[in-house]
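Each chain is listed here by its residues.
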Amino acid sequence: MSVRSVPRRRVPGGFFLDTKTSGFTLVALLLVLWEVSVRTALVDSISVPAVSTVAERFIELLRDGTLVDEFAQTLRRMFVGYLLAAIIGIGVGLLMGYFDRIHNLLEPVVELIRPLPTPAYIPLVILFLGVGDSMKIFITVIACVWPILLNTYSGVRNVPRIQIDTARTFGLGNAAVLRKVVVPAAAPSVFTGLRISLTLALILSIIAEMVASNNGIGYFILFAQRSFRVTDMYAGIIALGIIGYLLNLLFVRIEGRVLHWNAGSGRKGA
Amino acid sequence: MMNWIRERRAGYGLHAVGVDEAPTLRVEQVTKQYAGHTAKAPVQVLAPVDLTLEPGSFTTILGPSGCGKSTLLQIMAGLVAPTDGTISLDGRAVQGPQPELLYLFQQYSLSLFPWRTVLQNVAFGVESRGRRSAETLDECRSLIERVGLKGYEGHYPWQLSGGMQQRVAIARALVARPKILLMDEPFSAVDALTREELQDELLGIWQEYDLTIVFVTHDFEEAIYLSQEIVVLKAHPGAIVEKRAVPIAYPRNQLHTRASEAYLALRHDLHELIFSLKKKPGAGVPVGAP
Ligand SMILES: Nc1ncnc2c1ncn2[C@@H]1O[C@H](COP(=O)(O)OP(=O)(O)O)[C@@H](O)[C@H]1O
Ligand SMILES: [Mg+2]
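Residues numbered from 1 in each chain as written. Chains lettered and ligands numbered in written order. Predicted model: local features only at pLDDT ≥ 70, side-chain atom pairs only at ≥ 80, totals over all residues. Heavy atoms only, no water.

Overview of the interface of chain A and chain B
Definition in use: When checking whether two residues touch, look at their non-hydrogen atoms; a contact exists if any pair is within 4.5 Å. In this description, buried area is defined as the sum, over both parts, of the accessible area (probe of 1.4 Å) that is lost when the two are combined. Any carboxyl oxygen of Asp or Glu within 4 Å of a side-chain nitrogen of Lys or Arg constitutes a salt bridge here. Here a polar contact is recorded for every N or O atom pair within 3.5 Å, except that within protein the pair must consist of a potential hydrogen donor and a potential acceptor, and residues adjacent in sequence are included only if both atoms are side-chain atoms. Secondary structure elements are defined from DSSP: runs of H or I of at least 4 residues count as helices, runs of E of at least 2 residues count as strands, and each element is numbered from the N terminus.
In this complex, chain A contributes 29 residues to the contact, which on the side of chain B involves 32 residues. Contact between chain A and chain B buries roughly 3,000 Å² in total, counting both sides, with carbon and sulfur atoms accounting for 66%. Seen at the junction of chain A and chain B, the total is 1 salt bridge. Among the salt bridges present, the one from A:K180 reaches B:E127, with a minimum N-O distance of 2.6 Å. Inspection of the chain A/chain B interface yields 4 residue pairs in polar contact (both at pLDDT 80 or more). Elements with a minimum of two residues in the side of chain A that touches chain B: α4 (66–98), α8 (161–169) and α9 (174–211) of chain A. The element contributing the most residues to the side of chain A that touches chain B is α8(A), with 9 residues.

Written out as structure tokens, the structure reads:
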């Protein structure tokens with residue numbers, strides 16, 4: 001279905017370079033390099049344990065449920081925040097894109113608040129909400145809402161005028177035009193925002209946990225480092241990398257499902 | 001973005017759908033001005049235009065690109081408000097889109113919804129009138145078959161050729177059961193062979209559905225072949241310079257009609273008329289520009 005307009009240049013190496021085999025081999029090589037440089041004492045094994053040591057510890061932490069418990073806390077807060085941000089971002093973005101008056105009313109506020117880096121709010125939010133779940137969720141919402149809102153807004157603004165006029169010539173009213181034309185037409189752009197915010201949600205959840213928490217994977221990593229359990233720290237970081245990768249994979253799957261019509265229409269990445 | 005939708009909607013739904021005979025569509029003293037670029041004076045796109053479309057008639061509006069054909073058609077469709085003048089159906093002045101009327105966009109491929117399959121796109125024509133059901137879906141299927149797209153129900157618009165996309169747009173319009181079809185250069189972007197096919201299919205549909213058709217084109221041969229009456233528009237500002245009846249009986253035939261005396265005589269006249277318009281000062285609009 002996907003036809004490359006410019007054929008990939010064939011290079012010697014054939015199968016190896018033309019598939020992802022080369023990429024996975026590089027990852028394996030880097031891991032071997034890590035292992036070897038620790039074993040040969042090229043790097044300090046106190047701040048960098050060997051891969052094999054980290055992997056062993058990772059499996060232990062997975063078996064005894066530590067990682068599962070910490071991630072349960074982190075992901076629970078993260079998803080609540082992400083979901084709230086999605087509801088607010090999509091809702092307000094649609095309204096701002098569709099109704100000029102709402103755009104005029106809200107745009108200055110959005111432009112004032114948006115450029116502030118979210119972590120700057122943490123001390124302030126702690127003042128109002130304490131150091132519990134609500135603070136971390138709130139921080140996640142603040143960070144995630146902007147990409148979703150702005151992408152939804154621009155998605156709505158870029159709906160071809162002809163599609164809206166077509167709906168009007170068929171006699172559709174405001175609400176029906178919004179539901180049947182604007183929302184599906186803006187969906188690819190909304191998903192772009194959602195994808196950016198998914199990454200942000202994980203980042204902000206971890207930062208919030210590092211600032212003030214007694215659970216969650218962010219807390220686990222920081223606390224391991226502070227109590228000189230360096231191997232635990234590495235295991236936590238690697239687990240976080242894997243979770244981030246899986247979350248993105250899941251997202252791409254869902255996006256592909258919802259926007260299956262978009263695959264070949266040449267509008268990808270709108 | 002909101003206000004124009006509300007404004008256009010004002011007259012919608014006041015009239016019963018399903019009146020058997022098409023209403024007479026009357027354009028009276030309609031003008032259109034657009035604000036000019038920079039701070040210049042407004043641009044007069046349409047000088048006062050008067051036009052009457054009788055029930056069941058096939059009228060072609062012929063004119064060079066940029067003379068205001070689309071503007072005039074969109075005013076009739078209630079998508080654009082005229083600066084002055086009125087549009088009426090059976091003497092009832094109307095504003096905004098009317099259920100008896102359907103406008104087919106010149107950019108038909110953009111007017112199809114890319115997230116809907118052929119069947120779903122056609123079904124839009126009934127959903128919008130709040131009557132989607134198993135029955136109406138069958139109606140959609142048979143219309144898809146009627147326009148020659150059987151087997152393509154599950155395809156997406158981008159998987160179809162231009163001519164096929166145009167057929168989807170026509171099926172979607174027909175399923176909404178309009179009385180008057182306003183078609184804006186529907187066949188100008190398809191290849192010559194497909195165009196002839198589509199022309200004959202349209203004539204069939206026109207008679208089968210008892211439609212009033214207003215057809216816009218810049219191709220005077222197409223105008224003669226299809227219509228009962230040709231309205232010639234000039235540019236700057238758009239104004240009617242001539243109305244000509246086409247004295248050729250239906251059914252028409254691509255070979256015989258185009259070789260007939262009446263056809264050739266009219267073709268000769270229109271050719272002269274259009275080229276004399278081109279030469280007139282103040283009418284220097286490039287003809288045939290897309
Ligand atoms: N929304 C608009 N604003 C300003 N000028 C417009 C607008 N729409 C059309 N025009 C101008 O009106 C003239 C007629 O356009 P149009 O009706 O599309 O002509 P045609 O369909 O005959 O090619 C053109 O000169 C065009 O530039
Ligand atoms: Mg036009």
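Details of the domain arrangement of chain B
Residues and elements named next belong to chain B. Where we set the bar: Residue ranges assigned to each domain were obtained from an automatic or database domain assignment.
Considered domain by domain, chain B is made up of domain 1 (37–100 + 180–278) and domain 2 (108–177). Computed over C-alpha atoms, the centres of domain 1 and domain 2 are 25 Å apart. Between domain 1 and domain 2, the contact holds 16 residues from the first and 12 residues from the second. Here domain 1 and domain 2 share an interface that buries about 1,100 Å² over both sides, 61% of which is from carbon and sulfur atoms. Our count for the domain 1 to domain 2 interface comes out at 3 salt bridges. One can count 4 residue pairs in polar contact (both at pLDDT 80 or more) joining domain 1 with domain 2.

A word on the packing of aromatic side chains
We count it as follows: Side-chain rings of Phe, Tyr and Trp, where Trp is taken by its six-membered ring, are said to pair if the distance between their centres is within 6.5 Å; with planes under 30 degrees apart they count as stacked, over 60 as edge-to-face, and otherwise as tilted. Think of it in three bands: residues with accessible area under 20% of the maximum for their type are buried, residues over 50% are exposed, and the middle band is partly exposed, with areas taken using a 1.4 Å probe on protein chains only. By definition here, charges over rings are those cases where NZ of Lys or CZ of Arg is within 6 Å of the ring centre and within 35 degrees of the ring normal.
Evaluation of the coordinates by the stated rule reveals 13 aromatic pairs over all chains. Here the aromatic rings of A:Y219 and A:F223 are separated by 5.4 Å at their centres, their planes lie at 15 degrees, and the arrangement is stacked. One end of the pair is A:Y219 and the other is A:F223, both in helix α10 (residues 217–226) and 4 residues apart, which spans about a single turn. Exposure remark for A:Y219: the relative accessible area of 22% places this residue in the partly exposed category. We note B:K32 situated over the ring of B:Y34; from NZ or CZ to the ring centre the distance is 5.1 Å. Here the guanidinium or amino end of B:R252 rests over the ring plane of B:Y250, the centre of that ring lying 4.0 Å away.

What about the environment of B:V216?
Locating B:V216 in the fold gives a position in strand β8 (residues 212–217). Leaving out residues up to four positions away in the same chain, B:V216 has contacts with B:I61, B:K69, B:L73, B:M183, B:D184, B:E185 and B:P186.

Some thoughts on the site of ligand 1
All names here are of chain B. Keep this limit in mind: Residues are counted as near a molecule or strand when any one of their heavy atoms sits within 4 Å of it. All accessibility values rest on the Shrake-Rupley procedure with a 1.4 Å probe; residue burial counts only the protein chains present in the view. Throughout this entry, Asp, Glu, Lys and Arg are counted as charged residues, while Ala, Val, Leu, Ile, Met, Phe, Trp, Tyr, Cys and Pro are counted as nonpolar. The remaining residues, Gly among them, count as polar.
Looking at ligand 1, the residues that line it are Y34, V45, P64, S65, G66, C67, G68, K69, S70 and T71. A distance of 2.7 Å is found between an oxygen atom of ligand 1 and a backbone nitrogen or oxygen belonging to G66. Between S70 and ligand 1, the recorded distance is 2.7 Å, taken from a side-chain N or O atom to an oxygen atom. Alone, ligand 1 offers 560 Å² of accessible surface; in the complex the protein occludes 57% of this. A total of 3 residues in the shell around ligand 1 trace back to one element, the largest contributor, which is helix α2 (residues 69–76). For the shell around ligand 1, a count of residues per class yields 4 nonpolar, 5 polar and 1 charged.

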